[in-house]
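Chain and residue survey
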Amino acid sequence: MKLGRHILLVGEGNYSFSAALSDVSSQETCITATGYESEEIITQQALARENVQHLRENGAQVYFQVDCTKLKDYFATAKSRFDQIVFNFPHCGKKTGVRKNREFLEKFFRSCAGVLTDDGEIHVSLCRGQGGTPADHPIREWHNSWQVTAMAARSGFILSSVKPFNPDCYTEYKCTGYRSQEKPFHVEDALIHIFTRSLPLEGSESANGAGKLINREVPFLLPDVLLDRISRNFLDISSHHPVRTFSEQLITAISSAFPLQKVDLPNTTCIESDKFKSALSWSTSVSDSSLFWLSVAKERSICFEHARNEMDRGFPAPAFHYSHFVCEVCDTDDPAFISGQNCSKARLCMRPSLTVCVQDLCQRPDFVPEKIYVLSGPVFRRCLISPRTMPVYHETLFLCGLRNGPGGFSVELFMDTISASIKSVTDSISKETKDNQDEREIHYSPPFISFHQQFKEGDYSIFLESRHSEAGENDGLCVGFITTVPPEQLPCDSLVLLAVLNLDALVIRILGVPDWRMLWTYDGRFISQFPCGKLKLFSSFSMYPPSYVHDISFWVNDEEQFDEVEFHTLVRRVSKECVTDIQLLDRFQHHQTGMISLCYRLIYQSCDKALSDVQASTMQLQIRQELQMLLHVTLR
């Protein structure tokens, strides 16, 4: 057990654990031991009486008749809060079922919130299988467990570590108190669950966005799902984020083999759709439906005030604020423009790929063949919710003009260079972790790059694959593509070779980050794992987060008009990215009305924050309300 400065022990039976702990603690450690029974009852036991006396002789504070579900009533006036709160084998007493014990745990965690330091820990020891997490062996079914992570989440705590309970470390400890009896708990295969505070789930707020278009400021409102990600600046020179570190190491490795020039990303987060369409031929993975369309305000004050007034009157903030704008580019408030679907005039969208910069790169005065030009930056795409899709991520683009004639730079040489460069980065991570005693890191096997030929000659998809996958098993994660751009599509006479890499996808797979959303966490426990730009395997500070399943069914008048991507985008916004997956469970058509019924399953889970069942249910209710209002469906 990691000993804190001020430890509170609750639910002590005979005080033997507190006494044993006081013997192994340093003089700087202050122990406060509490029990539920009165001193008169406790001291009737000879062992308990000796332990209480031993604690007091060691300078510990001993309290009786302390209800661990009301800790603030006893310690509200304490000069300092507790660094650790320890509860070994909690139990309601008597013969009670799992439901009563869940409620008991929930009240205990709620009580801890008022007396624990901001960076404090709660240690809860549970018997084999009680916790209901994958750390238990065997694992109980969720409904038959104490659901300890879900009970903690209701008070804002996440499970940060699980360790075996080893009574041999406390030789004087005599477990007792099972169901309010002298009978001991079964501590074989028991686990210590260590909880910490999480950042609160906070709702995003509408904010003004300012993009630059043709050297003039253009006011617009950002899509709500992008608000807390538009200005994170992971790739800034002062950043220690692993995405930037990986990018820099990759670029350095490639520059050691070929002449390379880094190019600053243009200060644009939005582009004109015409410019994007001109790059569409080599951006095969991007379609119109994946674009975050933006409408431009004629007058900043009018459109922003109108948007704010609408929300002040109680209207929900929509995923896109089209209805609050008049387009400056095409000077229209036509619904076709507002919906972002059918307007033939110029429109704006968030930058979906760095390939939109290729023409500008080829027009540079210093552009020469067989020199690699590289730029990196964030890109934005509307996409369906799934464990592998990201609405915002960082790309690195490598561009090289090819000379005519044999023996020059080739697609095969480019692939070998990228593969070798990524391998050099993963090898450095292996070297960094090989001396670590963590079993997960000792057996770390870095993934490898593979290239899959596409329909067009010279086009390849780039995959990152596990070395342990079975034959025929496809566990590869697509992290980019390589393509050639013919001269007729560019303002130069050279054939251009292009490689685009998804930095975020590479980082999560190479560093073992279980969820892409973790890259965007504000919790300092993520970035602190990568000091001074070092790359190492990620160690999760939120283990086995609880998940909640909710279904939703509704009628659509015309299935072709129902925008499933818009549905997913609405869910992203309302759930604050706490829906990890959406599955279509059922679809049928009414034989009389012809209306289509769709039934979806939503999986709620947060990778870095405490998400409670109550919060998930509230989000589900709001999704139902906004789905009906904004997408004009009929709920079932």
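So, a few notes on the structure that sits alongside this text. (Residues numbered from 1 in each chain as written. Predicted model: local features only at pLDDT ≥ 70, side-chain atom pairs only at ≥ 80, totals over all residues. Heavy atoms only, no water.)

**Looking at the side chain of Arg 102**
- Within the element layout of this structure, Arg 102 appears in helix H5 (residues 98-112).
- Here Arg 102 occupies a buried position and makes no salt bridge, while the nearest side chain of opposite charge, Glu 103, is found at 8.0 Å.
- In terms of polar contacts, Arg 102 uses its side chain to reach the backbone carbonyl oxygen of Ser 145, at 2.8 Å.
- Leaving out residues up to four positions away in the same chain, Arg 102 has contacts with Trp 142, His 143, Asn 144, Ser 145, Trp 146, Gln 147 and Met 151. (Helix = DSSP H or I, 4+ residues; strand = E, 2+ residues; numbered from the N terminus. Buried < 20%, exposed > 50% of the residue type's maximum accessible area, 1.4 Å probe, protein only. Lys, Arg positive; Asp, Glu negative; His and termini not counted. Salt bridge = Lys/Arg side-chain N within 4 Å of Asp/Glu carboxyl O. Polar contact = N/O pair within 3.5 Å; in protein donor to acceptor, adjacent residues only side chain to side chain. Contact = heavy atoms within 4.5 Å.)

**With respect to the packing of helix H7 (residues 242-255) against helix H14 (residues 503-510)**
- One can describe the packing of H7 onto H14 by two numbers: an axis separation of 9 Å at closest approach and a directional angle of 100°. The pairing of H7 with H14 is recorded here as roughly perpendicular in orientation. Only Leu 503, Asp 504, Leu 506, Val 507 and Ile 510 of H14 make contact with H7, whose side of the interface consists of Pro 242, Val 243, Phe 246 and Ser 247.
- Across the contact of H7 with H14, the residue classes tally to seven nonpolar, one polar and one charged. (Axes fitted to C-alpha atoms, helices over the stretch in contact; angles between N-to-C directions. Parallel < 35°, antiparallel > 145°, perpendicular 65-115°, else oblique. Nonpolar A, V, L, I, M, F, W, Y, C, P; charged D, E, K, R; others polar.)

**Here's the deal with the pairing of strand S21 (residues 579-589)**
- Pairing of S21 with strand S22 (residues 596-604) involves nine bridges; the strand directions are antiparallel. Counterpart to Arg 587 in the pairing with S22 is Leu 598.
- A loop of six residues connects S21 with S22, the two strands running antiparallel in sequence, and Gly 594 in this loop sits at a positive phi of about 80°. (Pairing = 2+ DSSP bridges.)

**Let's talk about the pairing of strand S2 (residues 30-34)**
- Among the five residues in S2, four count as buried, and that is most of the element.
- In this sheet, S2 lies alongside strand S1 (residues 6-10) in parallel orientation, the contact comprising four bridges. Counted as the bridge partner of Leu 9 is Ala 33 from S2.
- For the crossover that starts at S1, traverses helix H1 (residues 16-24) and ends in the parallel S2, the hand is right-handed.
- Where S2 meets strand S3 (residues 61-63), three bridges bridge the pair, whose relative direction is parallel. Counterpart to Thr 34 in the pairing with S3 is Tyr 63. (Right-handed = clockwise from strand over helix to strand, strands pointing away.)

**A few points about the sheet that holds S2**
- In space, the seven strands of this open sheet follow the order S3-S2-S1-S4-S5-S7-S6, with mixed pairing throughout. Each edge of the open sheet carries a strand with a single partner, namely S3 and strand S6 (157-164). Taking the axes of each pair of neighbouring strands and ignoring which way they run, one obtains an average angle of 20° across the sheet.
- Relative to strand S7 (residues 191-197), S6 is paired through seven bridges, and the arrangement is antiparallel. Its bridge partner lying in S7, Leu 159 is registered against Phe 195.

**Let's talk about the packing of aromatic side chains**
- Taken as a whole and judged by the stated rule, the model has 21 aromatic pairs.
- Ring geometry for Phe 538 versus Phe 541: centroids 6.5 Å apart, planes at 80°, classification edge-to-face. The pair Phe 538 / Phe 541 is uniform in exposure class, with both members buried.
- Across the ring face of Tyr 522, the terminal group of Arg 232 is positioned such that the distance to the ring centre comes to 3.9 Å. (Phe/Tyr/Trp six-rings, centres within 6.5 Å; stacked < 30°, edge-to-face > 60°. Lys NZ or Arg CZ within 6 Å of the ring centre and 35° of its normal.)

**Quick notes on the nonpolar core**
- The biggest cluster of nonpolar side chains holds 143 residues, and the ones touching the most others in it are Leu 71, Ile 85, Phe 108, Phe 109, Phe 398, Leu 399 and Phe 554.
- Excluding residues that lie within four positions of it along the chain, Leu 71 makes contacts with Leu 8, Val 10, Val 66, Ile 85, Ser 111, Cys 112 and Val 115.
- Judged by nonpolar contacts, the second largest core, of 24 residues, contains Leu 9, Cys 127, Phe 165 and Ile 194. (Core = buried A, V, L, I, M, F, W, Y, C linked by side-chain atoms within 4.5 Å.)

**A short note on the environment of Cys 270**
- Among the secondary structure elements, Cys 270 is positioned in strand S11 (residues 270-272).
- Its relative accessible area of 2% is what places Cys 270 among the buried residues.
- For Cys 270 and Trp 293, which are 23 residues apart along the polypeptide, the C-alpha to C-alpha distance reads 9.1 Å.

**Observations concerning the pattern of salt bridges**
- Within the structure shown, the criterion is met by 21 salt bridges.
- A salt bridge links Glu 103 to Arg 99, with the nearest nitrogen and oxygen atoms 3.8 Å apart. Of this pair, Glu 103 and Arg 99 are both found in helix H5, four residues apart, which corresponds to roughly one turn of the helix.
- With a relative accessible area of 31%, Glu 103 lands in the partly exposed category.

**Overview of helix H17 (residues 613-630)**
- The end-to-end C-alpha distance of H17, which contains 18 residues, comes to 25 Å, matching closely the 26 Å that a straight helix rising 1.5 Å per residue would cover.
- Listing the buried residues of H17 in full gives Ala 616, Met 619, Gln 620, Ile 623, Glu 626 and Leu 627. With its buried residues spanning 140° around the axis, H17 presents them on a single face.
- Residues of H17 that are buried make contact with strand S20 (548-556), helix H16 (564-575), S22 and strand S23 (634-635).
- Once H17 finishes, His 632 follows within two positions and takes phi at roughly 55°, a positive value. (Expected span 1.5 Å × (residues − 1). Arc of directions from axis to C-beta.)

**Details of unusual backbone geometry**
- Look at the link from His 137 to Pro 138: it is a cis peptide, with omega at 0°.
- Inspection of the secondary structure puts Pro 138 in the loop between strand S5 (116-126) and helix H6 (148-153).
- Even without being a glycine, Gln 147 presents a positive backbone phi close to 50°.
- Relative to the assigned elements, Gln 147 resides in the loop between S5 and H6.

Interpretation note: all reported values are geometric properties and have no functional meaning in isolation.
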